[in-house]
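For reference, the chains in residue letters:
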Amino acid sequence: MTNTLTITRPDDWHLHLRDGHVLADIVPHTARRFARAIVMPNLKPPVVNVDQAVAYRQRILAAVPDNCSFDPLMTLYLTGQTRASDIRQASASGVVQAVKYYPAGATTNSDAGVKDLTRVYPVLEVMAEENLPLLVHGEVVDPQVDVFDREAVFIDRVLLPLLQTIPALKVVFEHITTVEAVALVKDTPDRLGATITPQHLLMNRNALFQGGISPHHYCLPVLKREAHRQALVEAATSGDPRFFLGTDSAPHAKSAKESSCGCAGMYSAHAAIEFYAQVFDDAGALDKLEAFASFHGADFYGLPRNRDSITLERSPWQVPQMLRFGNEELVPLGAGEMLPWKLSD
Ligand code: DOR
Ligand code: ZN
């Protein structure tokens, strides 16, 4: 049995850090584990241009502990007002690595998102020219569509037409949750990648209702049935380079989760690589963790792989019940539970 695992330092290709005084509580969790992270732009107001991305990056860097080296990779938030010039500036900046598409109304702080993606195709053409990837939140918002089918319907209505119309555009299908998404990524030549979160690998939708409604297991896209979880585990552990690590760690105050209209998002940054190690270990695929966590994403984005390493030990530890979140508290994923893998100091 493997009891110690040393891997190239991983990167998180999908992360929410928020802004302001909470950065000091949030950034260190990621910076201790990961070399880089793709930072989501869904602030209030959203990050829509290079100047805002540069300023936000500085605020994040100010919250990185002294003994960590962490490089936040910034994204812009696609809106109906995004111009070709914004894209060219982003591409030239060296700071912005991608542009995020939120269907308007799909999730947290998505009101400024795009209602009809075909209307911004000219901007996406410029992204293809500049080799800037589009990161998609892959859910339709049509109230007629069952919430558990939103991702599968998105593939047919939005993603397939996009891939056909702009064949040179690189796309990351973020936080995939379904058999259908896995199949699409496998069937599409190299320009379509996908991130997979720890929560969608660890849990199915029963976790939402175990012993009563559990707001801390609510995220978007919502957890799916067991067959989908199994397809995700198979994809993540398959060694296929189009699947890579993206936590979608998304902190919300305890009070905002435990509410009559609880926010979507799970916080996993405090134990992110440890959760993935558990999944890969359970699947008998620890030897595949390094490529998924440390190689595939960098290769997809055309960035160098990291040079240093981290070590994980099989040494059970208990996740705290609560973490600090500015003046509030945060309930982390796995609160109070024992996790089998621990990050070595
Ligand atoms: O659960 C989610 N939380 N899904 C998202 O797409 C956004 C995120 C957040 O920002 O809280
Ligand atoms: Zn996200």
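What comes next concerns the included structure.

Rules behind the numbers
- Residues numbered from 1 in each chain as written.
- Chains lettered and ligands numbered in written order.
- Predicted model: local features only at pLDDT ≥ 70, side-chain atom pairs only at ≥ 80, totals over all residues.
- Heavy atoms only, no water.
- Near = heavy atom within 4 Å.
- Polar contact = N/O pair within 3.5 Å; in protein donor to acceptor, adjacent residues only side chain to side chain.
- Areas by Shrake-Rupley, 256 points an atom, 1.4 Å probe, with all protein chains shown as cover.
- 1 Å grid on protein atoms, 1.4 Å probe; cavity = no way out; pocket = protein on both sides within 12 Å on 5 of 7 lines; lining within 4 Å.
- Sits in = over half its atoms within 2 Å of the grid points.
- Nonpolar A, V, L, I, M, F, W, Y, C, P; charged D, E, K, R; others polar.
- Helix = DSSP H or I, 4+ residues; strand = E, 2+ residues; numbered from the N terminus.
- Expected span 1.5 Å × (residues − 1).
- Bend = angle between axes of the 7 residues up to and from the residue.
- Buried < 20%, exposed > 50% of the residue type's maximum accessible area, 1.4 Å probe, protein only.
- Contact = heavy atoms within 4.5 Å.
- Pairing = 2+ DSSP bridges.
- Axes fitted to C-alpha atoms, helices over the stretch in contact; angles between N-to-C directions.
- Right-handed = clockwise from strand over helix to strand, strands pointing away.
- Parallel < 35°, antiparallel > 145°, perpendicular 65-115°, else oblique.
- Salt bridge = Lys/Arg side-chain N within 4 Å of Asp/Glu carboxyl O.

## Thoughts on the site of ligand 1
Working step 1: Arg18, Asn42, Thr107, Leu220 and His252 are the nearest of the 13 residues found near ligand 1.
Working step 2: One nitrogen or oxygen atom from the side chain of Thr108 is found 3.2 Å from an oxygen atom belonging to ligand 1.
Working step 3: In the environment of ligand 1, a nitrogen atom lies 2.8 Å from a nitrogen or oxygen atom belonging to the backbone of Leu220.
Working step 4: Calculation on ligand 1 without its partners gives an accessible area of 290 Å², and the protein chains cover 100% of this total.
Working step 5: Of the pockets mapped on this structure, ligand 1 occupies the largest cavity.
Working step 6: Looking at side-chain class alone, the shell around ligand 1 contains 4 nonpolar, 7 polar and 2 charged residues.

## Let's talk about helix α5 (residues 150-165)
Since the α-helix advances by 3.6 residues per turn, residues separated by three or four positions end up pointing in the same direction.
Working step 1: Over its 16 residues, α5 runs 22 Å from end to end, which matches the ideal 22 Å to within 8%, given 1.5 Å per residue.
Working step 2: Taking the largest bend as the criterion, α5 deviates by roughly 40°, centred on Asp156.
Working step 3: Within α5 the residues assigned to the buried category are Arg150, Glu151, Phe154, Ile155, Val158, Leu159, Leu162 and Leu163.
Working step 4: The inward-facing, buried residues of α5 abut β5 (96-101), α4 (121-130), β6 (134-136), β7 (171-173), α6 (179-187) and β8 (192-196).

## A word on the side chain of Arg9
Working step 1: Tracing the backbone shows Arg9 in the loop between β1 (4-8) and β2 (12-15).
Working step 2: Beyond its immediate chain neighbours, meaning those up to four positions away, Arg9 contacts Arg32, Arg33, Phe34, Ala35, Ser294, Asn306, Asp308, Ser309 and Ile310.

## Things to note about the sheet that holds strand β13 (residues 338-343)
Working step 1: If you trace the 3 strands from one edge of the open sheet to the other, you get β1-β10-β13, paired in antiparallel fashion. Two strands bound the open sheet, and with one partner strand each, they are β1 and β13. Sheet twist, expressed as the mean angle between neighbouring strand axes with direction ignored, is 35°.
Working step 2: As judged from the 5 bridges shared by strand β10 (residues 309-318) and β13, these two strands associate in the antiparallel manner. Paired with Trp317 across the bridge in β13 is Leu339.
Working step 3: Strands β1, β10 and β13 of the sheet are contacted by helix α10 (residues 272-282), whose axis makes an angle of about 115° with β13.

## A word on the environment of Ala235
Working step 1: By secondary structure assignment, the location of Ala235 is in helix α8 (residues 226-236).
Working step 2: Ala235 sits 52 residues away from Ala183 along the chain, and the two C-alpha atoms are 9.3 Å apart.
Working step 3: If sequence neighbours within four positions are ignored, Ala235 has contacts with Val182, Ile196 and Phe243.

## Concerning unusual backbone geometry
Working step 1: The step from Lys44 to Pro45 runs through a cis peptide bond, and the omega angle for that step is -5°.
Working step 2: Of note, Pro45 is situated in the loop between β3 (36-39) and α2 (50-61).
Working step 3: Note that the residue after Leu220, namely Pro221, is joined by a cis bond; omega there is -5°.
Working step 4: Tracing the sequence through the fold places Pro221 in the loop between α7 (198-202) and α8.

## Quick notes on the pairing of β8
Consecutive side chains along a regular strand alternate between the two faces of the sheet.
Working step 1: In terms of residue burial, β8 counts as a mostly covered element, since 5 of its 5 residues are buried.
Working step 2: Residues of β8 alternate between two faces, with Leu192, Ala194 and Ile196 on one and Gly193 and Thr195 on the opposite face, all of them buried.
Working step 3: By the bridge criterion, 3 bridges tie β7 to β8 in an arrangement that is parallel. In the sheet register, Val172 faces β8, and the bridge partner there is Gly193.
Working step 4: After leaving β7, the chain enters α6 and then returns to the sheet as β8, a path that is right-handed.
Working step 5: Taken together, the 3 bridges between β8 and strand β9 (residues 243-245) define a ladder with parallel strand orientation. Paired with Ile196 across the bridge in β9 is Leu245.

## Observations concerning the packing of α6 against α8
Working step 1: Packing of α6 against α8 brings their axes to within 8 Å, and their N-to-C directions diverge by 30°. By the angle class used here, α6 and α8 are roughly parallel. Here Val179, Glu180, Val182 and Lys186 of α6 lie close against α8, whose contacting residues are Ala227, His228, Ala231, Leu232, Glu234 and Ala235.
Working step 2: Class assignment for the residues of the contact of α6 with α8 results in 6 nonpolar, 1 polar and 3 charged.

## Quick word on the pattern of salt bridges
Working step 1: One pass over the structure, following the stated rule, counts 16 salt bridges.
Working step 2: A salt bridge links Arg305 to Asp299, with the nearest nitrogen and oxygen atoms 2.7 Å apart.
Working step 3: Judged by relative accessible area, which is 39%, Asp299 ranks as partly exposed.
Working step 4: A single network of salt bridges, built from pairs that share partners, joins Arg88, Glu129 and Glu130.

## A look at the sheet that holds β2
Working step 1: Read across the open sheet, the 8 strands follow the order β2-β3-β4-β5-β6-β7-β8-β9; overall the sheet is parallel. Taken across any chain shown, the strands that pair with only one partner, and hence form the sheet edges, are β2 and β9. This sheet shows a mean twist of 30° between the axes of neighbouring strands, independent of strand direction.
Working step 2: Across 2 bridges, the pairing between β2 and β3 is parallel. Residue Asp12 lies in a different strand from β3, and its bridge partner there is Ala37.

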